[in-house]
Each structure stands twice: as C-alpha cells, then as structure tokens.
Amino acid sequence: MLHHDITIKNLVVTLKPTANSSKGILVDFDLALDLDEVRAVEPLVGSDGSIAFGILSGKPYTYRHDLESLCYIFLWLAIGNDSEHDHVYEILEGLLKTSRLWKWCSMDFRPVGQAKAADMSPLKGFGGILGEFSADFAPL
C-alpha cells in the first residue's frame, strides 16, 4: 500500500508520548493505492506543498514518492515552526513572502515542479532551503 497523500494534516504527533506509546501515526488512508491494483495511469493525488517531484512530472507512484513527501513535511515544519496549523496555506501566512515554500503551493503543477527541482538541487537550491530553517530547527 502507498498512502498517496502524505501531508501535515495527515500526521498526528503525540506531544508527550510514553515509553510504550507511538510518537505519531499516519491517518487518512482514503486515497491509498493498493499496489496489487495499480492502473496504467493513476490520477494525480496529493496535497499542496508536499506532492513529490516525480508525481508532478507524471511518473508512476512508488513508495519513494511517499518518502519524498515526508521529507517535504519535515522541511515545512523546520521552516514554518508552526505547531498550531495543519494546513500549508495557514503556515505560509507566517512566512516571509520571499520564502521558497510559496512557490510549492499551486495547482499549476509545472511551476511547482520546477521550483521544487531548483530548491532541492544540491548545487544551488538546497542551501537556500536550509537557510530558511527557523532557529529552533537550525541544529538539524
């Protein structure tokens, strides 16, 4: 199974976990993809800000796209440092208009894919992303 829609609102994190409890869970599997029933062409599924680059480029879904979406969620949390909101547009309101994350949210997938490709580029972009980390996340 692939979750297919990993985003901030679909992660529930326990603020004070006990030794025997989970630290968080993934919820909302209504768009999950059963790998035994994959169609030749799957509809585009995902949420603004966390859709994997490969999906934006029209590639078939794999487990790697779910992992990539988790990476984007970490970046949203590290940059936004917002524990109150679970939607990227609410987090964006607290960010400077110059934040690279503004370009990650649009239903116009070509520019979003181009922005993510540039921002995740090891030569140029990723240093800029790391430079946006909030002070609380800077050590990470």
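Quick summary incoming for the structure in this document. Residue positions are counted from 1 within each chain, in the order its sequence is given. Residue-level local features of this predicted model are given only where pLDDT is at least 70; pairs of side-chain atoms are given and counted only at 80 or more, and the full residue set underlies all totals for whole chains, interfaces and linings. In computing side-chain values, all of the structure's heavy atoms are included and hydrogens and water are not.

**What about the overall build of the chain?**
Heads up, the condition is: Only DSSP runs of H or I reaching four residues or more are called helices, and only runs of E reaching two or more are called strands; each is numbered from the N terminus. Each radius of gyration is computed over the set of C-alpha atoms, and the globule rule expresses the reference value as 2.2 Å times the number of residues to the power 0.38. Think of it in three bands: residues with accessible area under 20% of the maximum for their type are buried, residues over 50% are exposed, and the middle band is partly exposed, with areas taken using a 1.4 Å probe on protein chains only. In this description, accessible areas are obtained by the Shrake-Rupley approach with a 1.4 Å probe, and a residue is regarded as covered only by the protein chains that are shown.
Looking only at helices and strands, the chain features five helices and two strands. Walking the chain from its N terminus toward its C terminus, one meets helices and strands in the order β-β-α-α-α-α-α. Taking 2.2 N^0.38 as the reference for a compact globule, 140 residues should give roughly 14 Å; the C-alpha atoms of the chain span a radius of gyration of 16 Å, in line with that estimate. Along the first, second and third principal axes, the C-alpha set of the chain runs to 45 × 45 × 25 Å. When each of the 140 residues of the chain is scored for burial, the buried share is 35%. Summed over all atoms, the accessible surface of the chain reaches about 8800 Å², with 58% contributed by carbon and sulfur.

**Quick look at the nonpolar core**
Rule in force here: Residues belong to one nonpolar core when they are buried, are Ala, Val, Leu, Ile, Met, Phe, Trp, Tyr or Cys, and are joined through side-chain atoms within 4.5 Å. We call two residues in contact whenever any of their non-hydrogen atoms come within 4.5 Å of each other.
Of all hydrophobic cores here, the largest spans 19 residues; its most connected members are Trp76, Leu101, Trp104 and Phe133. Mapped by element, the contributors of at least two residues to this core are α2 (63–80) and α3 (88–92). In terms of residue count, the dominant contributor to this core is α2 (six residues). Beyond its immediate chain neighbours, meaning those up to four positions away, phenylalanine 133 contacts Phe74, Leu75, Ala78, Ile79, Ala138 and Leu140. Leu33, Ala52, Leu56 and Val112 belong to the second-largest nonpolar core, a separate cluster that totals eight residues.

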